[in-house]
Number of protein chains: 4
Amino acid sequence: MIIELQQNIKPDTLHQLKALLTINQVAFSHVEKQNIIVAPKISNKSVLSGIDGIEKVIEIDTPYQLSSNQYKKETHFLVNGTSVGNNFINLIAGPCSVESEEQIYSTAEFLSKNGIKFMRGGAYKPRTSPYAFRGLGLDGLKILRKAADEYKLNVVTELMDLSLLDQINEYSDIIQIGSRNMSNFYLLAELGKIEKPIMLKRGMSARLSEWLLAADYILSGGNDKVILCERGIRSFDPEVRNTMDVAAIPMIQDLSHLPIIADPSHGTGMAKFVHPLSLASLVAGANGLMIEIHPDPKKSLSDAQQAMTFADFEILVQEIRKLEPAINKPIDATYEEA
Amino acid sequence: MIIELQQNIKPDTLHQLKALLTINQVAFSHVEKQNIIVAPKISNKSVLSGIDGIEKVIEIDTPYQLSSNQYKKETHFLVNGTSVGNNFINLIAGPCSVESEEQIYSTAEFLSKNGIKFMRGGAYKPRTSPYAFRGLGLDGLKILRKAADEYKLNVVTELMDLSLLDQINEYSDIIQIGSRNMSNFYLLAELGKIEKPIMLKRGMSARLSEWLLAADYILSGGNDKVILCERGIRSFDPEVRNTMDVAAIPMIQDLSHLPIIADPSHGTGMAKFVHPLSLASLVAGANGLMIEIHPDPKKSLSDAQQAMTFADFEILVQEIRKLEPAINKPIDATYEEA
Amino acid sequence: MIIELQQNIKPDTLHQLKALLTINQVAFSHVEKQNIIVAPKISNKSVLSGIDGIEKVIEIDTPYQLSSNQYKKETHFLVNGTSVGNNFINLIAGPCSVESEEQIYSTAEFLSKNGIKFMRGGAYKPRTSPYAFRGLGLDGLKILRKAADEYKLNVVTELMDLSLLDQINEYSDIIQIGSRNMSNFYLLAELGKIEKPIMLKRGMSARLSEWLLAADYILSGGNDKVILCERGIRSFDPEVRNTMDVAAIPMIQDLSHLPIIADPSHGTGMAKFVHPLSLASLVAGANGLMIEIHPDPKKSLSDAQQAMTFADFEILVQEIRKLEPAINKPIDATYEEA
Amino acid sequence: MIIELQQNIKPDTLHQLKALLTINQVAFSHVEKQNIIVAPKISNKSVLSGIDGIEKVIEIDTPYQLSSNQYKKETHFLVNGTSVGNNFINLIAGPCSVESEEQIYSTAEFLSKNGIKFMRGGAYKPRTSPYAFRGLGLDGLKILRKAADEYKLNVVTELMDLSLLDQINEYSDIIQIGSRNMSNFYLLAELGKIEKPIMLKRGMSARLSEWLLAADYILSGGNDKVILCERGIRSFDPEVRNTMDVAAIPMIQDLSHLPIIADPSHGTGMAKFVHPLSLASLVAGANGLMIEIHPDPKKSLSDAQQAMTFADFEILVQEIRKLEPAINKPIDATYEEA
């Protein structure tokens, strides 16, 4: 249940309400920024009778509350002027890791030329092995920011640990949370306290409800700019890196108001399948795509086999434009040019 | 390795070749209809030196051989004049089970009106519980056939057991093998001996190579009309019936020459997600779709929650037509009208 | 719901009862051999009021009925004098495939010397590839039978297809149904009509309730001698052949009265882990084990890496005897000697 | 490859060695505490020829290095006098969450009376929902410590976030890393810098090699006291909470020198199956068990259905003692009494 409070609710009344919930042994969360109280386990509104200051009560029958579409019908917001999660296709592209200034500048120039608005790139990399390349760190962030500013792009980059929050927050426009951190509840709670949009990737074996509960961790902190990102799940077939759960896209849209994008680069793990799965995700309803591209994929220091060449990415963008009439959503760029 | 024999190979030479393989302890399969010998474990061509009557040797480095695209680039064939597996979208629709003459006739009329060429319907149903409705049997087959003939449709129906092969072969145009039978090797071997096209569904937790090996069981018997059908795999999320592996479509096309269609009805298990997953499968490259529709889904005796209404199916067909320019493949019907 | 009929129920009354169920649109199964009617969907006993000839009504709230322990507390039976499924450890051992008379005779002699009562061996083999060794067929069955008779052993061998039922029934003492056939409902239904005990392996990705429903297919035909066999499930780790679900053993015993044995050879896929998983399965409550052994594992024509040597198997049997005081169940042999 | 350096290696030589590796573009890790360099990708020893100061080179052909049993045969260490990972059964028991002083004191008294040496209890709880009880925090830690000190027990408690490291380190004797944090590489790296033993749970869908690489993150920081804990993996069966991978125990012991214990409480998710899976894990070779017990399970604030009663735990301990002769390992307590 979500209890919307009146704007001018008196401190005393609020205190009384909270006391009442506590007495009834109901766990709840007060989201000050949105002036609401979330109390999932109240099954009976009558507990609240006699309390002033309540604007509206929204009953929600799922464990996740703030991410549920029983609460809200749609979420969209602007990132430096570009609309995210609305009736546009948000395209995010760039290398797995920041490797050099040259690599990032050539990527930024390429993206800009193609009307792309969001550049991805990892400065700190989660690596299964402690002996693998872990990214350029702060130097990488600085390169990303400079190139993005020069070419008027937004930076999407991953936050791996709370200790890096200030740094990542300073240099990025959208903060990416990787699948390994989807259940890092301390990190999620802290992200609720900032303003920056968060792209929350699905955990490797996360159920849809667990994913939406993870989103609730951020939303219940007060940050309402959450984008979900489907990136493939772990299945029984060792012949594939991940199994892209395309159906999760319309299913999430049936359950939630949050925008959802697809990452077919991780979802398939092989560059040659990124094109068909990109198109599939979009016609299935995705609000956007995040795609790994590299000026010279074979020289990529990480995930080399899943990065597209610039040339292949351009073909993909052309194919996406061909789909626009069918799916009724333009790519960001198209919109900006209009 | 696939050894293509000369058309006029002498019986003696053939005998000599087989003896040689046996002596070298190489398992092999002689496919008389195609005049080839399949011997996957020969690693060294030199074994064959000095043997006459060999037209060509094709080295294939996967465990599956005849389904590999190292053997052939593309497979298509006609089913009563309609091209399957070519640059067309083959649409197959109909109810989960044949329930009554009325139901099948109204379905056939509807399909015909919409230019659909293939009607599905189960006369014998695989049911997890021995106490559930198991279909009308032979009566169901007769209804399907009569209605299909009247409306010039092709019948696609499931064969569950070898004991029913003659019956199903007589009444159907394409024989469907369900996911539970993908590893029923005796059944597959028998299907190699008939002429009718076989639609082979992927097993619930079958790897791609296992699926193609199952196809090889049919192909190595001499029947070269095999259509694969992705119908969702079993995953860890109890909130979904199956996980539709859309990426399997381009991956299979990368490995094999066989046509592959998608069954988003079983793949998602919920009617409302059939539309987006149908479109997704097609833009990912599927050669067609098999979709459950019912004149009155709520009254369906099996799989009620996954059957589309006729009205929703018409909308889907319209949306598919909108995609035709992007994917460069017309629906069967469109082609027939031209 | 299971309706136990009176022994002397009149044909007319029985007819009346069936008509009543049909009118109420309740699917049911009449198991003549046990003089019961199984009707899972009757939720209200009152439907039956006024019907004579009913001895007892047992309400069962699971989809599976006859395999439920709400119906029966325990199942055990004799196989040529050896008790199966009682408070004994039934040990079954032998090669994956029958390869030669010499191999089977040396196995039989070894088993007999160690007091083992059940010999396994595959005459017809399910192989993922159509190009692999598929067993000696009828010749293999004859070898098994002869060796078993000479050494007073019982034969456990797999039935792969209905067409082989008579053959396998004639030569075996327990018929094994492999995991690929767990959902072959036609085959299961036929097994309900014979007397021979059936060992039903769990499907590669079968849920416990699906497995018990498969057992119900056999039981509802009238054959009440069903043994379940856990043989590992498919999971996400390509580094293991299967994941042995040891917990399924006590879970099944909590749900069902059927005996359950473990097959750690397939369950782990590697000979060196068969020993610990055998012990683990027994202390978890398994009624027995089926283990692959081979006089010379390296020369085994199938599953070479999972067969134990005779020497290692002897050590395992000694270790099992050490556990007897803790688990309170003797191995068959011990009992026979007493 | 692990390069053991000579104790008196000169700074210059060390510098030269590192430079050489860098020039050869080999990622490496210098573990100062153990005076070794780990360089997994050197395939050719000859790179090192001409370098002084090398004691020994150990070639390791797995991606994980320091956790491999190619490096070391066995790991054991003392925790306040009790041997962990040696030929003893380490038993850890206690509630899921610290709820009250009374609860913890009654648990501590009970454990002490039964000769148990390790008490578990969660002060900070990872909860899938942001609206669930998250533990008593620091107050909980203080209660645990006080009770443990009074009854001479060791405290095992979970660290959820780096921000709590100092706190948890101060109040615990073994730090538990939960399955959701198995891939939290920043956290793991920091744990390498402390002295306290770390119990690293397997991720919900982690492959064995990924788990050992996670251990390598800790080990390569210099902390060599790592205990692995199998706690069940996610599978396709919604009827079970997790699938306990008992085979992982001997498999890990075949790959690694690290001690491995089992957590059948999470592994099965149901109290009634904890007993059989505890015994199964031990005969499969586990070095110990971690089990949830609660003075009054029904009143437990978290994971109520998986906590054993004290009475049931006592029965389990008795049954474990019966196994001691078979498995040749005494419980901690037995040893202490000797």
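Everything numeric here is computed off the predicted structure, so don't read it as measured data.

A. Structural context of the relation of the copies chain B and chain A. Overlay of chain B on chain A (RMSD 0.0 Å): rotation 180°, translation along the axis 0.0 Å. Overall, the copies show the geometry of a two-fold rotation axis. Minimal C-alpha distance to the rotation axis in chain B is attained by B:A280, lying at 2.0 Å. Most of the interface of chain B is mirrored in chain A: 100% of its interface residues are interface residues there too.

B. Looking closely at the interface of chain A and chain D. Taken together, the contacts link 36 residues of chain A with 36 residues of chain D. Summed over the shared surface of chain A and chain D, the number is 2 salt bridges. The salt bridge involving A:R234 is made with D:E210; its shortest N-O contact spans 2.8 Å. Taken together, chain A and chain D are joined by 11 residue pairs in polar contact (both at pLDDT 80 or more). Secondary-structure elements contributing two or more residues to the side of chain A that touches chain D are helix 5 (185-191) and helix 6 (208-219) of chain A. Examining the composition of the side of chain A that touches chain D, we find that 4 residues originate from one element, helix 6 of chain A, more than from any other. In terms of residue class, the side of chain A that touches chain D is made up of 18 nonpolar, 10 polar and 8 charged.

C. Region of interest: the packing of helix 9 (residues 274-283) of chain C against helix 9 (residues 271-283) of chain D. Where helix 9 of chain C contacts helix 9 of chain D, the axes come no closer than 8 Å and their chain directions differ by 160°. Viewed along their axes, helix 9 of chain C and helix 9 of chain D adopt a mutual orientation that is roughly antiparallel. Considering the relative orientation of helix 9 of chain C and helix 9 of chain D, their crossing is right-handed. Where helix 9 of chain C abuts helix 9 of chain D, its residues C:P276, C:L279, C:A280 and C:V283 lie against D:P276, D:L279, D:A280 and D:V283.

D. Structural context of the side chain of D:E158. Residues and elements named next belong to chain D. Relative to the assigned elements, E158 resides in strand 9 (residues 154-158). Put simply, E158 is tucked away with no salt bridge, and the nearest opposite charge, on K125, sits 4.9 Å away. Residue contacts for E158: discarding those within four places in its chain leaves P126, I168, Q176 and G178.

E. Representation of the sheet that holds strand 7 (residues 90-94) of chain D in the model. Residue and element names in this part refer to chain D. Strands sit in the order 7-8-9-10-11-12-13-14 around a closed barrel of 8 strands; the barrel is parallel. Geometrically, the sheet is characterised by an average inter-axis angle of 25° between neighbouring strands, direction not taken into account. Judged from the 3 bridges that link them, strand 8 (residues 118-120) and strand 9 form a sheet pairing that is parallel. In the strand pairing of strand 9, F118 is matched with N154. Of the strands in this sheet, strand 13 (260-262) and strand 14 (288-292) are in contact with helix 9, which crosses strand 14 at around 165°.

F. Main features of the environment of D:I37. Residues and elements named next belong to chain D. Structurally, the position occupied by I37 is in strand 3 (residues 36-38). Along the chain, I37 and G222 lie 185 residues apart, while their C-alpha atoms are 11 Å from each other. Ignoring any residue separated from it by four or fewer positions in sequence, one finds I37 in contact with M1, I2, I3, L5, L14, L17, K18, L21, F28, S29 and H30.

G. How the structure looks around the relation of the copies chain A and chain D. Expressed as a screw operation, the relation of chain A to chain D combines 0.0 Å of axial shift with a rotation of 180°, fitting to an RMSD of 0.0 Å. Comparing contact sets, 100% of the residues at the interface of chain A also lie at the interface in chain D, consistent with an isologous, same-surface contact.

H. Up close: the domain arrangement of chain A. Residues and elements named next belong to chain A. By domain assignment, chain A separates into domain 1 (2-58) and domain 2 (76-327). A C-alpha centroid distance of 36 Å is found between domain 1 and domain 2. Taken residue by residue, the interface counts 4 residues in domain 1 and 10 residues in domain 2. A per-residue breakdown of the area domain 1 buries against domain 2 is headed by V31, K33 and Q34, which together make up 83% of the total. Counting across the domain 1 and domain 2 interface gives 1 salt bridge. In this structure, the salt-bridge partner of K33 is E195, at a minimum N-O distance of 4.0 Å.

I. How the structure looks around the pairing of strand 14 of chain D. Residues and elements named next belong to chain D. In terms of residue burial, strand 14 counts as a mostly covered element, since 5 of its 5 residues are buried. Covered by surrounding structure in strand 14 are G288, M290 and E292 together with L289 and I291, the residues of both alternating faces. In this sheet, strand 14 lies alongside strand 7 in parallel orientation, the contact comprising 5 bridges. The partner of A93 across the bridge, within strand 14, is I291. Two strands pair when backbone bridges link them, and strand 13 and strand 14 are joined in this way by 2 bridges, in the parallel orientation. Opposite I261, over in strand 14, you have G288 as the bridge partner.

J. Inspection of empty space enclosed by the protein at higher detail. Overall, the coordinates contain 14 cavities of 30 Å³ or more when judged by the stated rule. Looking at the largest cavity, its volume works out to about 180 Å³. Lining the largest cavity are 16 residues, with A:R234, A:S235, A:F236, C:F236 and D:R234 sitting closest to its centre. Here the lining of the largest cavity is composed, by residue class, of 4 nonpolar, 8 polar and 4 charged.

K. A look at the pattern of salt bridges. The full count for this structure, using the stated rule, is 56 salt bridges over all chains. One salt bridge in this structure joins A:E190 and A:K193, with 3.0 Å as the shortest N-O distance. A:E190 gets classed as partly exposed once you look at its relative accessible area, which sits at 27%. B:D254 serves as the salt-bridge partner of A:K272, at 2.7 Å between the closest nitrogen and oxygen. Highlighted residues: A:K272 in the loop between helix 8 (264-268) and helix 9 (274-283) and B:D254 in helix 7 (residues 248-255), drawn from two different chains. It is possible to trace a salt-bridge network through shared partners that takes in A:R202, A:E230, A:D245 and B:D237.

L. Representation of the sheet that holds strand 2 (residues 29-31) of chain C in the model. Residues and elements named next belong to chain C. Spatial ordering of the open sheet is given by 2-3-1-4, a layout of 4 strands whose pairing is antiparallel. Either end of the sheet is taken by a strand with one partner, and the two such strands are strand 2 and strand 4 (54-58). With direction set aside, neighbouring strand axes in the sheet form an average angle of 20°. Examined bridge by bridge, strand 1 (residues 2-5) and strand 4 share 4 bridges and lie antiparallel to one another. Looking across to strand 4, one finds that I3 is bridged to V57.

Rules used in this analysis
Residues numbered from 1 in each chain as written. Chains lettered and ligands numbered in written order. Predicted model: local features only at pLDDT ≥ 70, side-chain atom pairs only at ≥ 80, totals over all residues. Heavy atoms only, no water. Least-squares fit on C-alpha atoms with pLDDT ≥ 70 in both. Contact = heavy atoms within 4.5 Å. Salt bridge = Lys/Arg side-chain N within 4 Å of Asp/Glu carboxyl O. Polar contact = N/O pair within 3.5 Å; in protein donor to acceptor, adjacent residues only side chain to side chain. Helix = DSSP H or I, 4+ residues; strand = E, 2+ residues; numbered from the N terminus. Nonpolar A, V, L, I, M, F, W, Y, C, P; charged D, E, K, R; others polar. Axes fitted to C-alpha atoms, helices over the stretch in contact; angles between N-to-C directions. Parallel < 35°, antiparallel > 145°, perpendicular 65-115°, else oblique. Left-handed = near helix turned anticlockwise from the far one by under 90°. Buried < 20%, exposed > 50% of the residue type's maximum accessible area, 1.4 Å probe, protein only. Lys, Arg positive; Asp, Glu negative; His and termini not counted. Pairing = 2+ DSSP bridges. Domains from an automatic or database assignment. Buried area = accessible area lost by both parts, 1.4 Å probe. 1 Å grid on protein atoms, 1.4 Å probe; cavity = no way out; pocket = protein on both sides within 12 Å on 5 of 7 lines; lining within 4 Å. Points joined across faces, edges and corners; volume = space filled by probe spheres on them.

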